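The residues making up each chain are set out below.
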Amino acid sequence: MARKSAATATSALPEVNFCDYGDVRTLHLGTEWVQGSMLLDMPFDIELEYVQRMMAWLLFVPPSSVGKRHAMQLGLGAAALTKFCRKKLRMNTTAVELNPQVVSACRFWFKLPPDDERLHIVLGDAALKIQNSDWAATVDALQVDLYDQDAAAPVLDSADFYADCRKLLTDEGCMTVNLFGEASSYPASVEKITAAFGADAVWAFKPTREGNTVVLAQRTPSRPSREDLLERADAIQTRWGLPAAKWLKVFKPVIA
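1. Overview of the pattern of salt bridges
Inspection of every chain in the model, using the stated rule, returns nine salt bridges. For Arg69, the salt bridge goes to Asp140, with nearest N and O atoms at 3.3 Å. Note that Arg69 is positioned in the loop between helix H1 (49–53) and strand S4 (70–74) and Asp140 in strand S7 (residues 139–144), a separation of 71 residues in sequence. Judged by relative accessible area, Arg69 falls into the buried class, the value being 9%. According to the relative accessible area criterion, Asp140 is buried, its value standing at 10%. Here Asp164 ties to Lys167 by a salt bridge, and the two come within 3.9 Å at their closest N and O atoms. Here Lys167 and Asp164 lie together in helix H5 (residues 159–168), a separation of three residues that amounts to about one turn. By sharing partners, the salt bridges in this structure join Arg69, Asp140 and Glu172 into a single network.

Next comes the structure, spelled out in structure tokens:
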């Protein structure tokens, strides 16, 4: 996961390690907190429920258009989203990660492929990197999952940060954010996201059993019909094996 301060020295970054539990491998930053996971027999699938929900932006675009779009992850974790977007969705995929050890771990232990014409891993502070004007209005799916080794709260969680995220998005683009941690405040985070995107642009899942709440914000607000969402969910489940039909039971606009 990326961290907040651009001044943080590489030597001060936490040690990266992994553990295997049966058929699941988990990534850790020197603590018990899970920073990501991988199914050993299906390394390009998404194992964690909340990470699957980070793909909810698929509900808002035609399935046939997905392979022509650009996905970006802020915080690499165990590279589940990055690998899925590149391998399964065949999207142009960019990931921003501060800790070079995390990138190395993902390449050695979590089957992250080397960079190529569709995959680019960028080392650096996400707060600064996303201000690159070359990326403005180029990202269709922005997935934000930024936690340090203590997982106490998102390390980037300000209205200014979310405004910078919005500038990255295409007109049809969506941002999904994982909100988790003992020190985090879901209402406060949603208020900041709403300040950047507008109240009618924000959707949210109910929390998972583990306490992860995924929030989605659209660059251009829309309210697809129930029938359209059901049709998209069925296509997502059929094409890519994500449990999108279940999403619709626990996913709705923050302001109806």
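2. Looking at empty space enclosed by the protein
For the structure shown, the criterion picks out two cavities of 30 Å³ or more. Taken as a whole, the largest cavity encloses approximately 150 Å³ of empty space. If you go around the largest cavity, you meet 19 residues; those closest to its centre are Leu76, Gly77, Ala80, Leu81 and Asp145. Put simply, the parts of the chain that give the lining of the largest cavity at least two residues each are strand S3 (36–39), H1, S4 and helix H2 (80–88). Looking at the second largest cavity, its volume works out to about 40 Å³.

3. A look at helix H6 (residues 186–197)
When the terminal C-alpha atoms of H6 are compared, their 16 Å separation across 12 residues agrees well with the 16 Å that a helix rising 1.5 Å per residue should span. Along H6, the residues classified as buried are Ser189, Val190, Ile193, Ala196 and Phe197. Along H6, the residues classed as buried sweep out an arc of 120° about the axis, all on the same side. Turned more than 90 degrees away from the buried face of H6, the exposed residues are Pro187, Glu191 and Ala195. Where H6 is buried, its residues touch H5, strand S8 (169–179), strand S9 (202–205) and strand S10 (213–218). Residue Gly198 follows H6 closely and has a positive phi angle near 100°.

4. Points about the nonpolar core
Core analysis: the largest hydrophobic core is formed by 34 residues, its most contacted members being Met55, Trp57, Leu58, Leu59 and Leu89. Counting residues per element, the ones that place at least two in this core are H1, H2, S9, S10, helix H7 (226–240) and helix H8 (244–247). When near neighbours in sequence (up to four residues on either side) are disregarded, Leu58 contacts Val66, Leu89, Arg232, Ile236, Trp240 and Leu242. In terms of nonpolar packing, the next biggest core, distinct from the first, is built from 31 residues, Met72, Leu146, Leu169 and Met175 among them.

5. Focus on the sheet that holds S3
Taken in spatial order, the three strands line up as S1-S2-S3 in an open sheet, and their pairing is antiparallel. The outermost strands of the open sheet, each flanked by one partner alone, are strand S1 (17–21) and S3. Each neighbouring strand pair of the sheet contributes to a mean axis angle of 25°, computed without reference to strand direction. Packed on one face of the sheet, helix H3 (residues 100–109) meets S1, strand S2 (24–28) and S3 and runs near 165° to S2.

Cut-offs and rules
- Residues numbered from 1 in each chain as written.
- Predicted model: local features only at pLDDT ≥ 70, side-chain atom pairs only at ≥ 80, totals over all residues.
- Heavy atoms only, no water.
- Salt bridge = Lys/Arg side-chain N within 4 Å of Asp/Glu carboxyl O.
- Helix = DSSP H or I, 4+ residues; strand = E, 2+ residues; numbered from the N terminus.
- Buried < 20%, exposed > 50% of the residue type's maximum accessible area, 1.4 Å probe, protein only.
- 1 Å grid on protein atoms, 1.4 Å probe; cavity = no way out; pocket = protein on both sides within 12 Å on 5 of 7 lines; lining within 4 Å.
- Points joined across faces, edges and corners; volume = space filled by probe spheres on them.
- Expected span 1.5 Å × (residues − 1).
- Arc of directions from axis to C-beta.
- Contact = heavy atoms within 4.5 Å.
- Core = buried A, V, L, I, M, F, W, Y, C linked by side-chain atoms within 4.5 Å.
- Pairing = 2+ DSSP bridges.
- Axes fitted to C-alpha atoms, helices over the stretch in contact; angles between N-to-C directions.

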